[in-house]
Amino acid sequence: MKQEEKSRKSREHILEYAFAEFAEQGYLGASVNTICAAGKISKGLLYHYYADKDALYLACVEACFQELTAALSATLNAQTVTPDQYFDARLVFFAQHPRHQRLFCDTVVNPPRHLLRELKACRASFDELNETMLTAILEKETLASGLSIPDAIAQLRIFEDCVSTYLKNADLEQQQTDKHNQLCRQTFQTMLYGLIART
């Protein structure tokens, strides 16, 4: 086996067990020792490819967002997308990839503060896709007087941050990802159409 191929397989093996550990335990609860023991990986090998726990976590988060973004891009069409299609596509992906769902939620709801800049870079493509789809959805609607699409998207992000903060402070560990998705969907619908039905 060529060295390049051996290195690729070693990285994949490490990431497989690291991804599982971070998905199950979150950044704070994850242990490099547990990753090494579960995958029969020497610490020397792990640190040869990843400088520390932070580097390993970021590699897993980057893979998570890349795979999510690729799946959404293949499913959604900006010309025809609706709010329900947008959230359904996310839920379908997460139903098929529960570890991705848990890692995504941990990253969104409880990100390590010292890695915020790096995490923003990891999710840049996902955020760009989000903005494209939200823009496409909002362009089909009549916005309130004086409100631009960038302003509306900024407000939606503020509301989503409020949902994330609520979940972070609530005792919803087992249900927080589903709750996060549900509240984001409800918040988006409320932002678009309001709380009160008009006759």
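Residues numbered from 1 in each chain as written. Predicted model: local features only at pLDDT ≥ 70, side-chain atom pairs only at ≥ 80, totals over all residues. Heavy atoms only, no water.

A.B. asks: Can you help me understand the packing of aromatic side chains in this one?
C.D. replies: The description of an aromatic ring pair uses the distance of the two centres, along with the angle that the planes make with each other. Considering all chains together, one arrives at eight aromatic pairs under this definition. Between the aromatic rings of Phe93 and Phe94, the centroid separation amounts to 5.8 Å while the plane-to-plane angle is 65°, which identifies the pairing as edge-to-face. In this structure, Phe93 and Phe94 share a single accessibility class: buried. Through successive ring pairs, a cluster of aromatic residues spans Phe65, Phe93, Phe94, Phe104 and Phe126. (Phe/Tyr/Trp six-rings, centres within 6.5 Å; stacked < 30°, edge-to-face > 60°. Buried < 20%, exposed > 50% of the residue type's maximum accessible area, 1.4 Å probe, protein only.)

A.B. asks: Honestly, unusual backbone geometry in this entry has me stumped. Any pointers?
C.D. replies: Apart from glycine, the bulk of residues carry a negative phi angle, and the bulk of peptide bonds sit in the trans form. Not every positive phi belongs to a glycine, and Lys40 is a case in point at roughly 50°. Here Lys40 lies in the loop between α2 (32-39) and α3 (43-49). Classification of Lys40 by relative accessible area gives exposed; the value is 77%. (Helix = DSSP H or I, 4+ residues; strand = E, 2+ residues; numbered from the N terminus.)

A.B. asks: What is the right way to look at the environment of Met191 in this model?
C.D. replies: Structurally, Met191 can be placed in helix α10 (residues 176-193). Its relative accessible area of 28% is what places Met191 among the partly exposed residues. Here the alpha-carbon distance between Met191 and Phe159, two residues 32 residues apart in the chain, equals 8.7 Å. Once you skip the residues sitting within four places of it in the chain, Met191 turns out to touch Gln155, Leu156 and Phe159. (Contact = heavy atoms within 4.5 Å.)

A.B. asks: Looking at this model, I keep getting lost on helix α6 (residues 98-109). Mind explaining?
C.D. replies: An α-helical turn contains 3.6 residues, so any two residues separated by three or four positions project in the same direction. Across its 12 residues, α6 extends 16 Å between first and last C-alpha, which sits within 8% of the 16 Å expected from 1.5 Å per residue. Burial runs high along α6: nine of the 12 residues are buried. Of all the residues in α6, the buried ones are His100, Gln101, Leu103, Phe104, Cys105, Asp106, Thr107, Val108 and Val109. (Expected span 1.5 Å × (residues − 1).)

A.B. asks: Explain the pattern of salt bridges here, please?
C.D. replies: Two side chains carrying opposite charge are able to pair once their charged atoms lie near each other. Applying the stated criterion to the full structure yields six salt bridges. Measuring nitrogen to oxygen at the nearest pair gives 2.4 Å for the salt bridge that ties Glu5 to Arg8. Highlighted residues: Glu5 and Arg8, both in helix α1 (residues 3-29), separated by three residues, approximately one helical turn. For Glu5, a relative accessible area of 29% translates into the label partly exposed. Taking the relative accessible area as the measure of exposure, Arg8 reaches 35% and is therefore partly exposed. Residues Arg157 and Glu131 are paired through a salt bridge, measuring 3.3 Å at the closest nitrogen-oxygen approach. Residue Arg157 is found in helix α9 (residues 149-169), and its partner Glu131 is found in helix α8 (residues 124-139); the two are separated by 26 residues along the sequence. Given the relative accessible area of 36%, Arg157 is considered partly exposed. For Glu131, a relative accessible area of 38% corresponds to the partly exposed category. The network of salt bridges with common partners includes Glu5, Arg8, Lys9 and Glu12. (Salt bridge = Lys/Arg side-chain N within 4 Å of Asp/Glu carboxyl O.)

A.B. asks: Would you explain the packing of α1 against α2 in this entry?
C.D. replies: At their nearest, the axes of α1 and α2 sit 9 Å apart, and the two run at 125° to each other. The angle between the axes of α1 and α2 places the two elements in the oblique class. Crossing handedness for the pair α1 and α2: right-handed. Only Thr34, Ile35, Ala38 and Gly39 of α2 make contact with α1, whose side of the interface consists of His13, Ile14, Tyr17, Ala18, Glu21 and Phe22. Partitioned by chemical class, the residues of the contact of α1 with α2 number six nonpolar, three polar and one charged. (Axes fitted to C-alpha atoms, helices over the stretch in contact; angles between N-to-C directions. Parallel < 35°, antiparallel > 145°, perpendicular 65-115°, else oblique. Left-handed = near helix turned anticlockwise from the far one by under 90°. Nonpolar A, V, L, I, M, F, W, Y, C, P; charged D, E, K, R; others polar.)

Note that every value here comes from positions in space, so none of it alone points to a role or purpose.
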